[in-house]
Amino acid sequence: QFDADHLAGDPTGKLGKPWPGAVVVVDASTWKVEKKITQGLNNPHNLWESVDGKYIAQTNWHDDYLTIIDTEKKEIVKNYIKVGEAPAHIAVTSNNKWIITSINGESRLVAVNAEQAFDPNVPADQVEKKSIPASVPLAGPHGFWLTPDNLIAAPYHMANHIAVLEVNAENGTGKELFVQNA
């Protein structure tokens, strides 16, 4: 069994090679790179800011976990929130209660309790998660968009379909409204 936590300060990843990928912090007024966050990330693909702007939720596309970054400190504050194979895209509900991520390696999305994920006192393995299944098998939901009223348009790029889902922003459950062949 792989223990990712012991690698949190290690410059190498699971396979003894450098962690593949980085989050680059750029000063938008000068376009100067302020910092590169590299340790503990595996092909970071998409990120989203919490509603209050204090945290970034980051996917690790070539793995199975999410990472939380403190925007003021510009460092990882929680890592290895296991969500499923190949989390690709991510968004935070408008009430800041749930992080929604597409599980590209599976046919589902996952709602992660944002209050627990953003709380440094809640261990990553104790963060509540809820699966939001989709009816397109083995299709890999990818670049979805979450509207302010919690509708998701999720393309299934491996099946040439798109699904519209509704997320209950209070309890993190979701249901598919329809699927359309693109």
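Residues numbered from 1 in each chain as written. Predicted model: local features only at pLDDT ≥ 70, side-chain atom pairs only at ≥ 80, totals over all residues. Heavy atoms only, no water.

Novice: Can you help me understand the pattern of salt bridges in this one?
Specialist: A side chain with one charge can pair with a side chain of the opposite charge if their charged atoms come near. Per the counting criterion, the structure on display carries six salt bridges. With a closest N to O distance of 3.9 Å, Lys175 and Glu166 form a salt bridge. What makes Glu166 partly exposed here is its relative accessible area of 33%. (Salt bridge = Lys/Arg side-chain N within 4 Å of Asp/Glu carboxyl O. Buried < 20%, exposed > 50% of the residue type's maximum accessible area, 1.4 Å probe, protein only.)

Novice: Sorry if this is basic, but what is going on with the environment of Ile132 here?
Specialist: Tracing the chain through its elements places Ile132 in strand E10 (residues 129-133). Ile132 sits in the buried class, given a relative accessible area of 1%. Along the sequence, Ile132 and Thr173 sit 41 residues apart, while their C-alpha atoms lie 6.6 Å from each other. In contact with Ile132, other than residues within four places in its own chain, are Arg108, Leu109, Ala111, Leu165, Val167, Gly172 and Gly174. (Helix = DSSP H or I, 4+ residues; strand = E, 2+ residues; numbered from the N terminus. Contact = heavy atoms within 4.5 Å.)

Novice: Even after reading the chapter, I still don't get the pairing of strand E12 (residues 151-156), so can you show me in this structure?
Specialist: Side chains of E12 alternate between two faces, with Ile152, Ala154 and Tyr156 buried and Leu151, Ala153 and Pro155 left unburied. By the bridge criterion, two bridges tie strand E11 (residues 145-146) to E12 in an arrangement that is antiparallel. Bridge pairing in E12 places Trp145 opposite Ala153. In textbook terms, the turn of a hairpin is the stretch between consecutive antiparallel strands, and for E12 and strand E13 (residues 161-167) this stretch comprises four residues, one of which, Asn160, has a positive phi near 60 degrees. (Pairing = 2+ DSSP bridges.)

Novice: So what exactly am I meant to see when it comes to the pairing of strand E4 (residues 55-59) here?
Specialist: The side chains of a regular strand alternate between the sheet's two faces. Counting buried positions over the five residues of E4 gives five, a clear majority of the element. In E4, alternate side chains face the same way, and those of Tyr55, Ala57 and Thr59 on one face and Ile56 and Gln58 on the other are all buried. When strand E3 (residues 47-49) meets E4, the two strands line up antiparallel, connected through three bridges. Counted as the bridge partner of Trp48 is Ala57 from E4. Connecting E3 to the next strand, E4, in antiparallel fashion are five residues, including Gly53 with a positive phi near 75 degrees. Bridging between E4 and strand E5 (residues 65-70) involves five bridges; their strand directions are antiparallel. Looking at E5, one finds that Gln58 is bridged to Thr67. Connecting E4 to the next strand, E5, in antiparallel fashion are five residues.

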